[in-house]
Amino acid sequence: MTDIAADAISAAPAAKAERTTVLSVRQLTWRKFLRNKLAVVGLIILVIMYLSALLAGFIAPYGDRETHGQFARQAPHGLNFFDETGAFHPVPFVYGLKRTLDPKTFQQVTTIVPEQKYPLQLFVKGQPYSILGLIKSDIRLFGVEAPGKLFIFGTDTKGRDVFSRILYGAQVSLTVGLVGVALSLLIGVSMGLITGYFGGWFDNVVQRVIEMTMAFPQIPLWLALAALIPPTWSSAQVYFAISIVLSVLTWGSLARQVRAMVLSLKTSDFVRAAKYSNASTARVMVKHLLPSTMSHVLVIATLTIPSMILGETALSFLGLGIKPPMTSWGLLLNEAQSVQVIIELPWLLIPAIFVVLTIISFNFVGDGMRDAADPFSR
Amino acid sequence: MTALLEVRGVKKSFSLSSGIFGKTTGEVRALDDVSFTVPAGSTVGLVGESGCGKSTMGHTIMGGLQADAGEIIFNDPELGQVDLVKADKYVRHKTRLNMQMIFQDPNSSLNPRMTLLDLIGEPLLINRVLKGKALEDRVAQLLEQVGLSTRYMRRYPHALSGGQRQRVVIARALALNPRLVVADEPISALDVSIQAQTLNLMKDLQAERQLTYLFVAHDLGVVNHFTDTTVVMYLGRVVETGPTKAMFQRPLHPYSEALIASVPRIGAHKSGTKRAAVGEVPSAANPPSGCHFHPRCPYAQDICRATVPDLRTVGDRSVRCHFADELNLAGIDSPAVPPIPSVASISESGL
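Residues numbered from 1 in each chain as written. Chains lettered and ligands numbered in written order. Predicted model: local features only at pLDDT ≥ 70, side-chain atom pairs only at ≥ 80, totals over all residues. Heavy atoms only, no water.

In the nomenclature of an unreviewed UniProt entry, chain B is known as Peptide ABC transporter ATP-binding protein of Devosia epidermidihirudinis. Under the Sequence similarities (unreviewed entry) heading, UniProt states for chain B: "Belongs to the ABC transporter superfamily." Taken from UniProt, the Subcellular location (unreviewed entry) comment for chain B reads in full: "Cell inner membrane". (UniProt positions renumbered as here; feature names shortened; annotations may be inferred.)

An unreviewed UniProt entry annotates chain A as Peptide ABC transporter permease of Devosia epidermidihirudinis. Within the UniProt record for chain A, the comment given under Sequence similarities (unreviewed entry) is "Belongs to the binding-protein-dependent transport system permease family." Listed in UniProt under the heading Subcellular location (unreviewed entry), the comment for chain A reads: "Cell membrane".

Next comes the structure, spelled out in structure tokens:
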């Protein structure tokens, strides 16, 4: 950082100055962010996660509502490179499955059929899907030829492929936090700007409201708000209602932080200088105050997304969030509520690993952003 | 020379409040009956220790603070003589085209997220003077005038040195072609080697554009070289005004003498320091009775503790001291003076 700045200063001689590239604040921030390896790893994981959520239809071998009735409660059933004789197969394959009833326990037992080998294939025909409603196709990235089945993470009690459902569930779980944060950013930043800049009775009222929402126990308030959502609403309406519920509790702390920053910035010299140049209040707010708070706000937003994802997961887990036929990670975990299920079908907890991975990645990215937010400090 | 700016009896106090109900518990008289005149084309220095109200005066003139009483008459080329204290929004906006401020610290007065083009062009853009290509040309011209390369136009302040940044601040202040420039300690945040450069630039620009400077400073050495008239302030009151040369030769107020004596001089080991003011500046929330300077004044008498002296005119100068006619105070070039006889009386008064 310093060497770049020093370069720019010492670049007074004409010839050298031509070659000096000047970095904007954004570029400096980005450079500093890249130095934090954990944050970069987190960012890569998140990018992969969001991409696979977007392309869920393409990547998942099965549709989210596609049931394989006879293979319900199937344990993860992976790919093999070596067959029963120890021979190596360059293209991995899955064994065929056969369901039989155990005459003693009357339980369904799955046995592997060694004679049936289904090699993994790319771009197989599956259930039709659409991506963002724009691209319609029935070609899926990988799969095996029917009647072979590929259940990487097993199936649930209704015989649905857990891996596919995690991908589809990510579409809701990963985005509900973004929509919620976007909402609380909108409310929090504008409230923070207005209350910080003007103060007065409006500031007082808003501060008391924020204190009240903060003093409320979080889960009961969420539950109460979620209970207000009419059961007749469509999945999309419920989705947005849930993100509003999640943002109700987070906009307050954001508004406070923006307010505190505006309080100190509004008496700063560059704001005075703008005012002495006849800048309007709107211009001072939008051109001077807002950009100065933005880096901090983005950091807070990034660190808020995980708590929103957790919030959605908690609500859905308790049955008050996303409702079937929509899927979310919380709803997937909802199936693993009883100890009985966890003992018999432990693979139903796999979605929790994805929740944890996402939260940790967001926290790493948030930490990296916090360090990079002020590129001039060392 | 006609007066471009005339400050008459300006008062400004800040109330101190405490407790959850914001009960007013006292007030700080930041400006107490301040009067001085800034002739067109000249440089007036406003000096005093920190907390004496000199920056408050600057910001009151610029309209950042509203005076409680008094008049600030500005001779606007378009509107004629207007009182800025009673000015409405229209008059304020109009007059600001002709008065701009140079801030103390270029690190805080330039928005770090704007390029030089945006920063210098902002006053022109806001006041709809220029835009687009014409704005760029004007900014390039301004950059050249303050001695910066036009290649810097799309750079951010962080890529510049402190001295270069202050040049940007000056360019910005000059963008609207103002008549009056209020310079609030424009060099005190700069390296000593850059200070002279910046002052010379300001001098050159003044000659080129017939600028008038109100130069707020605490560095007497700079004020001596840079200003035509000096206004000395102490705890919100003007204690002495007059032509800089005459005042530095022979100050009329003991505080002016103390300030001049405190200017560090190379080779002066002992001389002068005896007359530097002793003690601390009293709290402006609880100023001393009578003449504010009496607890630190080596010449103080009973009358100084009891009665506030008026600002009296003595020749082309004015002074707020009961004994201005009697005291023979030392200026900048006077030889070392023997110890002041009444020094003992200060220690008696409990300082």
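Additional details are given in the paragraphs that follow.
A. A look at the pattern of salt bridges. Residues and elements named next belong to chain B. One pass over the full model with this rule turns up 21 salt bridges over all chains. When the shortest N-O distance is used, the salt bridge between Asp-32 and Arg-237 registers 3.4 Å. Separated by 205 residues along the polypeptide, Asp-32 in strand S2 (residues 23-39) and Arg-237 in strand S10 (residues 237-243) bring together distant segments of the chain. A residue is classified by how much of its surface remains accessible, and Asp-32, at 9% relative accessible area, is buried. In the salt-bridge network here, residues are joined through shared partners; they are Glu-27, Arg-29, Asp-32 and Arg-237. (Salt bridge = Lys/Arg side-chain N within 4 Å of Asp/Glu carboxyl O. Helix = DSSP H or I, 4+ residues; strand = E, 2+ residues; numbered from the N terminus. Buried < 20%, exposed > 50% of the residue type's maximum accessible area, 1.4 Å probe, protein only.)

B. Examining the UniProt feature "domain: ABC transmembrane type-1" (unreviewed entry) in chain A more closely. In the numbering adopted here, UniProt assigns the feature "domain: ABC transmembrane type-1" (unreviewed entry) to residues 170-366 of chain A. Helix makes up 80% of residues 170-366 of chain A and strand makes up 0%, while its end C-alpha atoms are separated by 20 Å.

C. Structural view of helix H7 (residues 200-215) of chain A. Residue and element names in this part refer to chain A. Here H7 spans 23 Å end to end across 16 residues, near enough to the 22 Å set by a 1.5 Å rise per residue. Those residues of H7 that fall on the buried side of the exposure criterion are Asp-203, Val-206, Gln-207, Ile-210 and Thr-213. Projected onto a plane normal to the axis of H7, the buried residues spread over an arc of 125° and lie on a single side. Exposed side of H7, more than 90 degrees from the buried face: Trp-201, Met-212 and Ala-215 are the residues found there. If you follow the buried residues of H7, they end up packed against helix H6 (162-198) and helix H10 (251-265). (Expected span 1.5 Å × (residues − 1). Arc of directions from axis to C-beta. Contact = heavy atoms within 4.5 Å.)

D. A look at the domain arrangement of chain A. All names here are of chain A. For chain A, the domain assignment lists domain 1 (70-157) and domain 2 (165-373). Measuring from the centre of the C-alpha atoms in domain 1 to the corresponding centre in domain 2 gives 39 Å. Facing the eleven residues of domain 1 at the interface are ten residues of domain 2. At the boundary of domain 1 with domain 2, total buried surface from both sides reaches about 780 Å², with 61% on carbon and sulfur atoms. The largest share of the area that domain 1 buries against domain 2 comes from Arg-73, Phe-153 and Asp-156, three residues that together contribute 61% of it. Linking domain 1 with domain 2 are zero salt bridges. Between domain 1 and domain 2 we count one residue pair in polar contact (both at pLDDT 80 or more) in total. Per-class residue counts for the side of domain 1 that touches domain 2 are four nonpolar, four polar and three charged. (Domains from an automatic or database assignment. Buried area = accessible area lost by both parts, 1.4 Å probe. Polar contact = N/O pair within 3.5 Å; in protein donor to acceptor, adjacent residues only side chain to side chain. Nonpolar A, V, L, I, M, F, W, Y, C, P; charged D, E, K, R; others polar.)

E. Examining the UniProt feature "transmembrane region" (unreviewed entry) in chain A more closely. Residues annotated in UniProt with the feature "transmembrane region" (unreviewed entry) correspond here to residues 38-60, 172-197, 209-230, 236-254, 297-322 and 342-365 of chain A. Its end C-alpha atoms 28 Å apart, residues 38-60 of chain A is made of 91% helix and 0% strand.

F. Structural context of the nonpolar core. Membership of the largest hydrophobic core comes to 78 residues, with the highest contact counts inside it found for A:Ile242, A:Leu289 and A:Trp329. Here this core gets 14 residues from one element, more than from any other, and that element is H6(A). Residue contributions to this core reach at least three from each of two domains, namely domain 1 (70-157) and domain 2 (165-373) of chain A. Residues within four places of A:Leu289 in sequence aside, it is in contact with A:Leu193, A:Tyr197, A:Val262, A:Leu265, A:Lys266, A:Val271 and A:Val284. The next biggest cluster of nonpolar side chains, apart from the first, holds 68 residues, and it includes B:Leu142, B:Met153, B:Ala175 and B:Met247. (Core = buried A, V, L, I, M, F, W, Y, C linked by side-chain atoms within 4.5 Å.)

G. Main features of the packing of helix H4 (residues 37-54) of chain A against H6(A). Residues and elements named next belong to chain A. With their axes 8 Å apart at the nearest point, H4 and H6 run at an angle of 120° to one another. Taken together, the axis directions place H4 and H6 in an arrangement best described as oblique. For the crossing formed where H4 meets H6, the hand is left-handed. Two secondary-structure elements touch here, H4 through Met-49, Tyr-50, Ser-52, Ala-53 and Leu-54 and H6 through Leu-167, Ala-170, Gln-171, Leu-174 and Leu-178. (Axes fitted to C-alpha atoms, helices over the stretch in contact; angles between N-to-C directions. Parallel < 35°, antiparallel > 145°, perpendicular 65-115°, else oblique. Left-handed = near helix turned anticlockwise from the far one by under 90°.)

H. Seen up close, unusual backbone geometry. Residue and element names in this part refer to chain B. The phi dihedral of Asp-33 falls on the positive side, at around 60°, and the residue is not glycine. Relative to the helices and strands, Asp-33 resides in strand S2. Taking the relative accessible area as the measure of exposure, Asp-33 reaches 35% and is therefore partly exposed.

I. Spatial organisation of the interface of chain A and chain B. At the junction of the two partners, chain A supplies 31 residues and chain B supplies 34 residues. The contact between chain A and chain B buries some 2700 Å² in all, and 55% of this surface belongs to carbon and sulfur atoms. Counting the contacts that link chain A with chain B gives one salt bridge. Put simply, A:Arg283 and B:Glu122 hold a salt bridge, and the shortest N to O gap is 3.0 Å. Linking chain A with chain B are 15 residue pairs in polar contact (both at pLDDT 80 or more). Sorting the residues of the side of chain A that touches chain B by element identifies helix H1 (2-10), helix H2 (14-19), helix H3 (25-35), helix H11 (269-276) and helix H12 (281-317) of chain A as the ones contributing at least two each. Tallying contributions element by element places H11(A) first for the side of chain A that touches chain B, with seven residues.

J. Layout of the packing of H4(A) against helix H15 (residues 350-373) of chain A. All names here are of chain A. Where H4 meets H15, the axes come as close as 8 Å, and the angle between the chain directions of the two elements is 135°. Taken together, the axis directions place H4 and H15 in an arrangement best described as oblique. In this structure, the crossing between H4 and H15 has a hand that is left-handed. Residues Leu-38, Ala-39, Gly-42, Leu-43, Ile-45, Leu-46, Met-49 and Tyr-50 of H4 form the contact with H15, whose own contacting residues are Phe-354, Leu-357, Thr-358, Ser-361, Phe-362, Phe-364, Val-365 and Gly-368.

K. Structural detail: the state of the cysteines. All names here are of chain B. Using the criterion set out here, one finds zero disulfides over all chains in the structure. Cys-291 supplies the cysteine sulfur nearest to Cys-52, a cysteine that is in no disulfide, at a spacing of 14 Å. Of all cysteine sulfurs, the one in Cys-304 lies closest to Cys-321, which takes part in no disulfide; the gap is 6.3 Å. (Disulfide = S-S within 2.5 Å.)

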